[in-house]
Amino acid sequence: MTIDSAAALDPAVTNPDHYKVVFENERVRVLEYTDKPGDRTTRHAHPDSVLVVLSSFRRRMYSGDDTSHDMELTAGKVGWLAAQQHSGHNIGDTDSHALFIELKEGVRAETGVLGPVGPAVR
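Quick summary incoming for the structure in this document.

1. Quick word on the overall build of the protein
- Looking only at helices and strands, one finds one helix and nine strands in the protein.
- Of the regular secondary structure in the protein, the N- to C-terminal order runs α-β-β-β-β-β-β-β-β-β.
- Expressed as a percentage of its 122 residues, the buried residues of the protein come to 44%.
- Looking at the protein alone, contacts between residues at least 24 apart form 75% of all its contacts between residues at least 6 apart.
- For the protein, the computed accessible surface area is about 6,300 Å², with 54% contributed by carbon and sulfur atoms.

2. Concerning the side chain of H89
- Relative to the elements of secondary structure, H89 occurs in strand β8 (residues 84-90).
- Here the side chain of H89 touches R40 through a polar contact of 3.4 Å, side chain to side chain.
- The residues touching H89, leaving out its near neighbours within four places in the chain, are G38, D39, R40, R58, R59, R60 and Y62.

3. Quick word on the nonpolar core
- Counting 13 residues, the largest nonpolar core has Y19, L31, L51, V53, F57, L73 and F100 as the members making the most contacts within it.
- Mapped onto this core, the elements with two or more residues apiece are β2 (28-35), β4 (49-53), β5 (57-62), β6 (68-73) and β9 (96-103).
- Discounting residues that sit within four places of it in the chain, Y19 has contacts with P11, A12, L31, E32, Y33, T41, H44, H46 and F100.

4. Structural notes on the environment of I101
- Looking at the secondary structure, you find I101 in strand β9.
- When its relative accessible area of 26% is taken as the criterion, I101 is described as partly exposed.
- Once you skip the residues sitting within four places of it in the chain, I101 turns out to touch V28, R29, V30, D48, S49, V50 and V52.

5. Concerning the pairing of β8
- Of all the seven residues making up β8, seven are buried; the element is thus mostly covered by neighbouring parts of the structure.
- Residues Q84, H86, G88 and N90 line one face of β8 and the alternating positions Q85, S87 and H89 line the opposite face, and both faces are buried.
- Pairing geometry for strand β3 (residues 44-46) and β8, over three bridges, is antiparallel. Note on β8: the bridge partner recorded for A45 is Q85.
- Of the pairings in the sheet, the one linking β5 to β8 comprises four bridges and is antiparallel in character. Among the inter-strand pairings, M61 is bridged to a residue of β8, identified as G88.

6. With respect to the packing of aromatic side chains
- The tally for this structure, following the rule as stated, stands at two aromatic pairs.
- Between Y19 and Y33, the aromatic rings sit 4.7 Å apart at their centres with planes inclined by 55°, giving tilted as the arrangement. In this pair, Y19 is assigned in strand β1 (residues 19-24) and Y33 in strand β2, connecting sequence segments 14 residues apart.
- What makes Y33 buried here is its relative accessible area of 3%.
- Here Y19 and F100 contribute two aromatic rings whose centre-to-centre distance is 5.7 Å and whose plane-to-plane angle is 55°, an arrangement assigned as tilted. Of this pair, Y19 sits in strand β1 while F100 sits in strand β9; the two residues are 81 residues apart in sequence, bridging distant segments of the chain.

Thresholds applied
- Residues numbered from 1 in each chain as written.
- Predicted model: local features only at pLDDT ≥ 70, side-chain atom pairs only at ≥ 80, totals over all residues.
- Heavy atoms only, no water.
- Helix = DSSP H or I, 4+ residues; strand = E, 2+ residues; numbered from the N terminus.
- Buried < 20%, exposed > 50% of the residue type's maximum accessible area, 1.4 Å probe, protein only.
- Contact = heavy atoms within 4.5 Å.
- Areas by Shrake-Rupley, 256 points an atom, 1.4 Å probe, with all protein chains shown as cover.
- Polar contact = N/O pair within 3.5 Å; in protein donor to acceptor, adjacent residues only side chain to side chain.
- Core = buried A, V, L, I, M, F, W, Y, C linked by side-chain atoms within 4.5 Å.
- Pairing = 2+ DSSP bridges.
- Phe/Tyr/Trp six-rings, centres within 6.5 Å; stacked < 30°, edge-to-face > 60°.

Take a look at the structure:
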């Protein structure tokens, strides 16, 4: 499935209490994400994006088949988020705060990798 076919899973629509559009033009859209410990998101989709972590937090990510993956993200880290669909759960004891810089060009199929990847987030 391509992220294009998952347009109905826009996180700003499916989870408006957590995702807010803070900037948008013809090339990118920037979403601000916030939540509190214990909060969950419903299934949603992201195109290829850059993730900027603004606060340290722990998160459990669930793929389409409900396989889970736990991650800990540290404030100040920046990483690549390949196109994907998931839901999430704040499993830590701190609020989450991050920016998603979504690319509007070159959307491609999902890779099956959950969460951000790259040397800056390891």
